[in-house]
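Remarks on the overall topology
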Amino acid sequence: MKKTILTTIALFTITLSLNAQRIKGSDTVLPLSQKVAESYKKANLKNTVSVTGGGSGVGISALLTGTTDIAQASRKIKFDEKQKLQKGGKTAKEVIIAYDALAVVVHPSNKVTILTREQLEGIFTGKIKNWKELGGEDMKIIPYSRETSSGTYEFFKEHVLKNKNYKNGILSMPATGAIVQSVSQTKGAIGYIGLAYLSKGVKAVSVSYNSGKTYTEPSVANAKNKTYPIVRPLYYYYEIKSEAKVKSFIDYVLSTSGQKIVSEVGFVPIK
Amino acid sequence: MKRIKRILERTIESILTVSGAVTSIAILLIVIFLFKEGLGLFKSPSVEKGYSLYVNSKNTVNDLDVEDIKHIYDSEVENWKELGGRDQEIKIFRFEEIFNIYSDEELGKDYSLLPEKLGEVIIQNPNIIAYLPQQYAPTDIQGVKALPSKDISIGDFFGGREWMPTATPSPLFGVLPLILGTLIVSIIAILIALPLGLGVAIYLSELAGERTRKLMKPTIELLAGIPSVVYGFFGLVVLVPIVQKVFGLSVGETAFTGSLILAIMALPTIITVAEDALRNTPRDMREASLALGATQWQTIYKVVIPYSASGISAAVVLGIGRAMGETMAVLMVTGNAAVMPHSLFEPVRTIPATIAAELGEAPAGGAHYQSLFLLGCILFVITMIVSITAEVISKKQLNKGV
């Protein structure tokens, strides 16, 4: 009895490792990959896909050590990482699978509804301190940021703060859900979250990237037609030699049914 | 038969000895590992490893400290004049920008032309400051000057007031706000939890009826079993708005909120351990005291408490340990802002929260990673001091007391 169980387990692991595709990396992309993997499994009964998170950096270094087939990332591969891959005799191929829009949110009672990129930079680097300066009430601005380990933190810093550092001692929350919670119960708060997390408790601000000429409201439609500026691509990276192994899964993600899941999860489809 | 029994006993004895030895060695190794990883920080350069700062050789500035570098890259200092150089605007250049100027083909195979092109950019701009990887640095080219890099100093680490471990190009590792944050949150938590906890313990062991005790003790023990993240969530959703409203604050995530949630979490530990200690006082002693005419309160105060002092101090140490090392709940309610705390009603960042939030994405072996290990060492030293002090105090009381 024991023997049969053991052999089945062994056989199972062998078949699993033959067909299994491993995806690792960004926690932002994680829910999307999981959903896609589920329906991919249903469509192709033989193939299994295992998905794990850990952060974009973790995924790319796993690609380097060969412990994953696909690295999911919420940021572009860094020059250093490319170099390391090259040294290991590997070349990473990049596929954009979806877009993610970041919404800037404030407390629903806040009168301010529009902000320019320069104003956002001022708020998060600590130069603008009162809502009065932005046409709101006389109230201290309380910016909430994500923790440094988050890809969202990096993206916001690069894209909105133009690589300047956040103000010293900014409030940082461990998860997007916590930012939504805090902003909804703090009057002077401002924070940034993925579009999928927008809810009634917080109010999204329209953003301008051309010094106030036009302001765009964050929405899937505006992100899709490229009028909303704070949008980042989400990537899959794979080693060029294992293309045959991962091709069918990546094709599935890019297919109509894959992209349908993309919008269900709250991201912006690529087409 | 007898021999088999003896052999069996021997093996059990040796297994016990070995397991004891293994545990002690494991603990020792963990401590050594912690300190080894942590102390490596002071050998790391203050600019990210493998990178250096380069300027045009006509620039008269030869040396920049960490703060200056940060001010330059945050555009707070915009003219070389402010740093003792010539009167010209500072032009910031990051390595990635080279790929906007030249395409990958123009940089040659395996980026062989990259140093040359970087050199050209620096020579063309006398007011430039460039942050480049040393591997592609234009070192042999005339007209380019590298700024000397220094190691992170012990003084900067322990005396620094800014914790910005991911700031580029030069991260700031000032742990003072983190140490103070941890101490403030846990000291206030203990000040709240201790009187309450001891009060409940005395009530349960001395004053409460049998039925109340049988009901309350398991309930309190149940509280100790609630996962800390649940306490954290409760804190964020319930306590934070309450604190904000009651004290009229602009932010509810404060050191005080953290202390409150920690006090609630430390209470079950303090109550159960202290109550067990109090109840261990022999019946003879209580009865002797009562027989001498002492009231019940006098008996508690003069006999029961002194007798169980060491058990009570164990309760205190366990409570403080719980408060100091608690991570998840604090991470959710204190706001995690790394500023020097001026009052109780400001956001703070504690050491455990910092480690938990940052270790996941800190590149292994880098300065950030090492600094987090050093934070672990600091926490270890603080808790060690606390437990040794408690030990000494309880011993003293035992000698002079009963």
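Residues numbered from 1 in each chain as written. Chains lettered and ligands numbered in written order. Predicted model: local features only at pLDDT ≥ 70, side-chain atom pairs only at ≥ 80, totals over all residues. Heavy atoms only, no water.

1. Some points on the interface of chain B and chain A
Counting residues at the interface gives 41 residues for chain B and 37 residues for chain A. Carbon and sulfur atoms make up 48% of the surface buried where chain B meets chain A, a total of about 3000 Å² over both sides. Joining chain B to chain A, the criterion identifies one salt bridge. Applying the counting criterion to the chain B and chain A interface returns twelve residue pairs in polar contact (both at pLDDT 80 or more). The biggest single contributor to the side of chain B that touches chain A is helix H8 (residues 228-246) of chain B, with five residues. Taken together, the residues of the side of chain B that touches chain A sort by class into 22 nonpolar, nine polar and ten charged. (Contact = heavy atoms within 4.5 Å. Buried area = accessible area lost by both parts, 1.4 Å probe. Salt bridge = Lys/Arg side-chain N within 4 Å of Asp/Glu carboxyl O. Polar contact = N/O pair within 3.5 Å; in protein donor to acceptor, adjacent residues only side chain to side chain. Helix = DSSP H or I, 4+ residues; strand = E, 2+ residues; numbered from the N terminus. Nonpolar A, V, L, I, M, F, W, Y, C, P; charged D, E, K, R; others polar.)

2. Brief notes about the pattern of salt bridges
According to the stated counting rule, one finds 20 salt bridges over all chains in the structure shown. With its nearest N and O atoms 3.0 Å apart, the salt bridge here joins Arg232 of chain A to Asp100 of chain A. Residue Arg232 of chain A is found in strand S11 (residues 231-239), and its partner Asp100 of chain A is found in strand S4 (residues 92-106); the two are separated by 132 residues along the sequence. The pair Arg232 of chain A / Asp100 of chain A is uniform in exposure class, with both members buried. For the salt bridge of Glu206 of chain B with Arg286 of chain B, the shortest nitrogen-to-oxygen distance reads 2.5 Å. Of this pair, Glu206 of chain B sits in helix H6 (residues 176-207) while Arg286 of chain B is found in helix H10 (residues 283-291), placing the two residues 80 residues apart along the sequence. There is no split in this pair, since Glu206 of chain B and Arg286 of chain B are both buried. Connected through shared salt-bridge partners, Arg213, Lys217, Glu221, Glu275 and Asp276 of chain B make up one network. (Buried < 20%, exposed > 50% of the residue type's maximum accessible area, 1.4 Å probe, protein only.)

3. Here's the deal with the sheet that holds strand S2 (residues 91-94) of chain B
All names here are of chain B. Reading across from one edge, S2-S3-S1-S4 is the order of the four strands in this open sheet, with mixed pairing throughout. Single-partner strands in this sheet number two, and they are S2 and strand S4 (144-146). Across the sheet, the axes of successive neighbouring strands diverge by a mean angle of 25°, strand direction being ignored. Relative to S4, strand S1 (residues 51-56) is paired through three bridges, and the arrangement is antiparallel. From the neighbouring strand, Asn56 faces S4, where its bridge partner is Val144. (Pairing = 2+ DSSP bridges. Axes fitted to C-alpha atoms, helices over the stretch in contact; angles between N-to-C directions.)

4. Some details on the confidence of the model for chain A
Across chain A, the average pLDDT comes to 86, with 92% of residues at 70 or higher. A low-confidence stretch, residues 13-17 of chain A stays under pLDDT 50, and its non-local contacts, those more than four residues away or across chains, total one contact. (pLDDT = per-residue confidence, 0-100.)

5. Quick word on a negative patch on the surface
A cluster of acidic residues, Asp80 and Glu158 of chain A together with Glu48 and Glu96 of chain B, forms a negative patch at the surface. Mapped onto the elements of the fold, Asp80 of chain A is located in helix H4 (residues 79-87). (Patch = residues over 30% accessible without salt bridge, like charges linked within 9 Å, V, L, I, M, F, W, Y side chains within 5 Å. Areas by Shrake-Rupley, 256 points an atom, 1.4 Å probe, with all protein chains shown as cover. Lys, Arg positive; Asp, Glu negative; His and termini not counted. Charge placed at Lys NZ, Arg CZ, Asp CG, Glu CD.)

6. What about the pairing of strand S1 (residues 21-25) of chain A?
Consecutive side chains of a regular strand alternate in pointing toward one face of the sheet and then the other. All names here are of chain A. Of the two faces of S1, only the one carrying Gln21, Ile23 and Gly25 is buried; Arg22 and Lys24 on the other face are not. Where S1 lies against strand S2 (residues 49-52), four bridges are found, and the strand directions are parallel. Among the inter-strand pairings, Arg22 is bridged to a residue of S2, identified as Ser50. Sheet analysis places S1 next to strand S3 (residues 70-73), joined by three bridges and oriented parallel.

7. Here we look at the side chain of Lys145 of chain B
Residues and elements named next belong to chain B. Among the secondary structure elements, Lys145 is positioned in strand S4. Salt bridges are absent for the buried Lys145, whose nearest opposite-charge side chain, Asp63, sits at 10 Å. Of note is the side chain of Lys145, whose polar atom sits 2.6 Å from the backbone oxygen of Asn59. With residues near it in sequence (within four places) discarded, Lys145 still touches Leu53, Tyr54, Val55, Asn56, Ser57, Asn59, Thr60, Val61 and Asn62.

8. A short note on helix H9 (residues 255-279) of chain B
Residue and element names in this part refer to chain B. Spanning 25 residues, H9 covers 35 Å between terminal C-alpha atoms, matching the ideal 36 Å at 1.5 Å per step. Along its length, H9 reaches its greatest deviation from straightness, about 35°, at Ala266, and the proline Pro268 lies no more than four positions downstream. With 20 of its 25 residues buried, H9 lies for the most part within the structure. (Expected span 1.5 Å × (residues − 1). Bend = angle between axes of the 7 residues up to and from the residue.)

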